Amino acid sequence: MARILALALLTLPMLAQDPIRGFPPSEWKSQSEREQKFRSLPQPDRMRDYLRQMSEEPHHAGSPGSMAVAESAVSQLRQWGLDARIEAFEALLPYPTFRSLDLIAPVKYKAKLKEPVLKDDKDSADADQLATYNAYSASGDVTAQLVYVNYGVPEDYEYLRQLGITVKGKMVIARYGKAWRGTKAKVAQEHGAVACLIYSDPRDDGYFKGDVYPNGAFRPPQGVQRGSVLDMPLYPGDPLSPGWASERGAKRLSREEAKTIMKIPVQPISYEDAEPLLENLDGPVAPEGWRGALPITYHVGPGPATVRLKVEFDWSVRPIYNVIATIPGSLWPNQWVMYGNHHDAWVNGAQDPASGAVALLETARAFAEMKKQGWRPKRTIKLALWDGEEFGLIGSTEWVEKHRAELDRKGVAYLNTDMSGRGRLEAGGSPSLRQFVEQVARDIKDPVSGKSVLEERLQRSKKRTDAKPAEFLLESLGAGSDYVAFVDHVGIASLNTGFSGDDPGGIYHSIYDSFNWFTRFSDSNFVYEKALAQFTGTAVLRLADAPVLPFEFGGFVRAVRGWNEELEKLGKKSGKLDVSGITAELTRIEAASAKYETALEAAMQRAEPLPAADLTKLNEIIFRCERTLLAPAGLPGREWYKNQIVAPGIYTGYSAKTLPGVREAVEAGRWDEANAQAKIVVQSLQALESQIGEAAKLLGGS
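Owing to the predicted nature of the structure, the values given are computational and were not obtained by experimental measurement. (Residues numbered from 1 in each chain as written. Predicted model: local features only at pLDDT ≥ 70, side-chain atom pairs only at ≥ 80, totals over all residues. Heavy atoms only, no water.)

(A) A look at the pattern of salt bridges. Applying the stated rule across the entire model yields 42 salt bridges. For Glu35, the salt bridge goes to Arg542, with nearest N and O atoms at 2.6 Å. Here Glu35 is found in helix H2 (residues 25-39), whereas its partner Arg542 is found in helix H17 (residues 527-545), with 507 residues between them in sequence. Residue classification places Glu35 among the buried positions, given a relative accessible area of 1%. (Salt bridge = Lys/Arg side-chain N within 4 Å of Asp/Glu carboxyl O. Helix = DSSP H or I, 4+ residues; strand = E, 2+ residues; numbered from the N terminus. Buried < 20%, exposed > 50% of the residue type's maximum accessible area, 1.4 Å probe, protein only.)

Okay, here's the thing in structure tokens:
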């Protein structure tokens, strides 16, 4: 009897099965087994080999190195048995031809503007490294007194105004951090500065954080963060073709017509080059929050430090090489699930982007292996390695603009990864995918703790003094990577994921972002790389094979309601804002969502599945719900951004603004515009409510 009871207890866990949204209970077990098979395939050693190969040589966009990486990826994908090809575009990709920076008073100093070779890192001596510069800076030769502007965001200039200090006619120096680097240049330009220097302060990613490379992970004194200063919150992609694909022979704006190119010279520098400039400033002592970790007293200026900056660029149109692999769907070939990561780097790019790209490649290999064993996805899967991301999301944006009509018909969801490392799962995305992501995270093991990725994330997120259980939330999507065109321009539900938090960062966009750095200071044994492949691949599998797409709109209501309540408070305080229409419509969407959930639950329990034609129509209704959030006219002053629920902030860039048309008008005190934008949001929400109602009716709901 005891033996029988023991056997029964052993089988109980096998009978238990967590629900998988989008699949009827009768399919949970088979889907779980398919996913477990997939998750057994990714191999850390393979990803180590991919990363070494991808980061072996510099491969910035438009270079022969970038083309070589793309061709190598296509060859590898084809060897695995996948249909892969290069889809080429062209874009304005300026390279520097001359750079000099000199302190000419009250003492003289010539900036090095070059990162030294380190004997501990062979890649630091590679030929064909792109020089330290900011892409889309204006060319120019400027001499002016210097002003220190902290992080160079609008509130910093407001503080200077209160001190009676203007930057008009001056050169500003800002430190990296807090906002998109393009914002720093744009705000300087708007305040009348004639040039902008951006430096990496050791407090933010240098010796204040820990030992510097090669002894430690952090930025050495002459390390420089390259990067684009394209004004992406206006529009990403090729600055000469806003809204249409930049292919050979396509029309182009002139440089003077391009709104996203800076009008003043901009140059990134190291903290070694920044120190003599900053220590020769007078004027008020900077407030405590402005002080970095250099061994100087931080003054604001202006002057007496006087600086000459001269930069020139070649302003050439260069090729972009996107890699696209396709696994055709067996049941719904005209519904696309996409997963992308970029392949171009500022130099060798082991962390950014290879740490994410190698997870995509290993996911592709695992899919190819499953395909050889008889699996075919129900929906078409497209895997993309984008080019030109570093310059301004060029490759993905041009591809989306070219395929806009087809994506509108077929685009189900877009999953994005970029750089990844060690730590907890970081996830941002469309609110309608929150529950879906939570369930995937529930089913992936953290490689160190052995807990689920979900449990590990929640424990790390929970405040020690907070007795409430932590809640899984998706971050809002700003402008950090290649999801932007999908979610903001064509209305495709999107995710951006990776692991981070335990690995230090100090080599971002420098020549020291190398295989040596990554294998010493980041995911050295590539177990989090494996976890990223497992997580993202599982998500793609579920989206590709779910009989009913796993979107859920209660989470959408909770997220948008929270953002709207923030606006309501501002409205009550000012007496000038009315968002009651948004509040009322969210209540109606909540009711429609509840009806849909009831109808979906009933449909999933029926012995007879929905007819294939009804499922096709239902899924089209569901994935097109995200389209209802677009407004044809776009956001005020930046029509390329169509999404009314989320967009990169005009002065934040990386981070998102929620209900952006309303919020940014409120922040600027444009109350009539804010109320007009609120009405547009209501129209989008009404369309979403109608769409959810149609889905419920099709499932048999009242």
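After that view, the rundown keeps rolling.
(B) Representation of the environment of Gln686. Within the secondary structure layout, Gln686 lies in helix H22 (residues 671-698). Taking the C-alpha atoms as reference points, Gln686 and Asp614, 72 residues apart in sequence, are found 24 Å from one another.

(C) Geometry of the sheet that holds strand E7 (residues 195-199). Pairing within the open sheet is mixed, and its seven strands lie in the order E3-E2-E10-E5-E6-E7-E9. One side of each edge strand has no neighbouring strand; the edge strands of this open sheet are strand E3 (109-110) and strand E9 (266-269). By the bridge criterion, five bridges tie strand E6 (residues 171-175) to E7 in an arrangement that is parallel. By the bridge assignment, Arg175 is partnered in E7 with Tyr199. (Pairing = 2+ DSSP bridges.)

(D) How the structure looks around the pairing of strand E2 (residues 96-105). Sheet topology note: the E2/strand E10 (residues 306-313) ladder contains eight bridges and is antiparallel. Bridge assignment links Arg99 to a residue of E10, and that residue is Val311.

(E) View of the pairing of E10. Here strand E5 (residues 140-148) runs beside E10; their pairing, made up of six bridges, is antiparallel. Looking at the pairing, Gln145 lines up with Thr306 of E10.

(F) Summary view of the nonpolar core. Counting 219 residues, the largest nonpolar core has Tyr199, Leu278, Phe391 and Trp399 as the members making the most contacts within it. Looking at this core element by element, the count peaks at 12 residues for helix H9 (residues 350-372). If we skip the residues at most four places from it in the chain, Trp399 touches Glu87, Phe89, Asn322, Ile324, Trp336, Met338, Trp386, Leu407 and Phe486. (Core = buried A, V, L, I, M, F, W, Y, C linked by side-chain atoms within 4.5 Å. Contact = heavy atoms within 4.5 Å.)

(G) Unusual backbone geometry, seen in detail. A cis geometry characterises the amide bond from Ala105 onward to Pro106, with omega recorded as 5°. One can find Pro106 in the loop between E2 and E3. A cis amide bond links Gly301 with the next residue in sequence, Pro302, at an omega value of 0°. Position of Pro302 relative to the elements: it lies in the loop between helix H8 (271-278) and E10. Of note in the backbone geometry, Tyr136 takes a positive phi value of approximately 75° without being a glycine. Relative to the assigned elements, Tyr136 resides in the loop between strand E4 (134-135) and E5. The buried category is assigned to Tyr136, whose relative accessible area is 0%. Residues other than glycine seldom take positive phi values, yet Lys178 does so here, at roughly 75°. As for its position among the elements, Lys178 is in the loop between E6 and helix H6 (181-190).

(H) Structural view of helix H5 (residues 154-162). The set of residues buried in H5 consists of Asp156, Tyr157 and Leu160. Down the axis, H5 shows its buried residues gathered within 95° of arc, on one side only. In H5, the exposed residues that point more than 90 degrees away from the buried face are Arg161 and Gln162. Note on H5: the residue one or two positions beyond its end, Gly164, has a positive phi of about 80°. (Arc of directions from axis to C-beta.)

(I) Layout of the sheet that holds strand E16 (residues 493-501). Reading across from one edge, E1-E11-E13-E12-E14-E16-E15 is the order of the seven strands in this open sheet, with mixed pairing throughout. The open sheet has two free edges, formed respectively by strand E1 (83-92) and strand E15 (423-429), since each of these has just one partner strand. Within this sheet the neighbouring strands show an average axis-to-axis angle of 20°, counted without direction. Lying over the sheet, helix H20 (residues 612-623) contacts strand E12 (332-342), strand E13 (379-386) and strand E14 (411-417), oriented at roughly 35° with respect to E12. (Axes fitted to C-alpha atoms, helices over the stretch in contact; angles between N-to-C directions.)

(J) Molecular detail of the environment of Thr397. Tracing the chain through its elements places Thr397 in helix H11 (residues 394-402). In the structure, Thr397 is positioned 168 residues away from Glu565 in sequence and 33 Å away in space, judged by C-alpha atoms. Aside from chain neighbours lying at most four places away, what touches Thr397 is Pro236, Gly237, Ala485 and Trp640.

(K) Main features of the side chain of Arg365. For Arg365, the position within the fold is in helix H9. Assessed through its relative accessible area of 9%, Arg365 is described here as buried. Apart from residues no more than four positions distant in its own chain, Arg365 is found in contact with Leu41, Pro42, Gln43, Arg46, Tyr50 and Trp80.

(L) Layout of helix H3 (residues 44-54). Taken together, the buried positions of H3 are occupied by Met47, Tyr50, Leu51 and Met54. Considered in projection along H3, the buried side chains sweep an arc of 95° and stay on one side of the axis. Turned more than 90 degrees away from the buried face of H3 sit Asp45 and Asp49, all of them exposed. Residues of H3 that are buried in the fold lie against helix H4 (64-79), H9, helix H16 (515-521) and H17.

(M) Quick peek at the packing of aromatic side chains. Within the structure shown, the criterion is met by 23 aromatic pairs. Centre to centre, the rings of Tyr133 and Phe313 are 6.0 Å apart; their planes meet at 40°, and the pair counts as tilted. Linking Tyr133 in the loop between E3 and E4 with Phe313 in strand E10, this pair joins segments that are 180 residues apart in sequence. Accessibility classification places Tyr133 together with Phe313 in one group, the buried group. An aromatic cluster is built from Tyr133, Tyr136, Phe313, Trp315, Trp346 and Phe391, whose rings are joined through pairwise contacts. Cation over ring: Arg318 sits above Tyr95, and NZ or CZ is 3.5 Å from the ring centre. (Phe/Tyr/Trp six-rings, centres within 6.5 Å; stacked < 30°, edge-to-face > 60°. Lys NZ or Arg CZ within 6 Å of the ring centre and 35° of its normal.)

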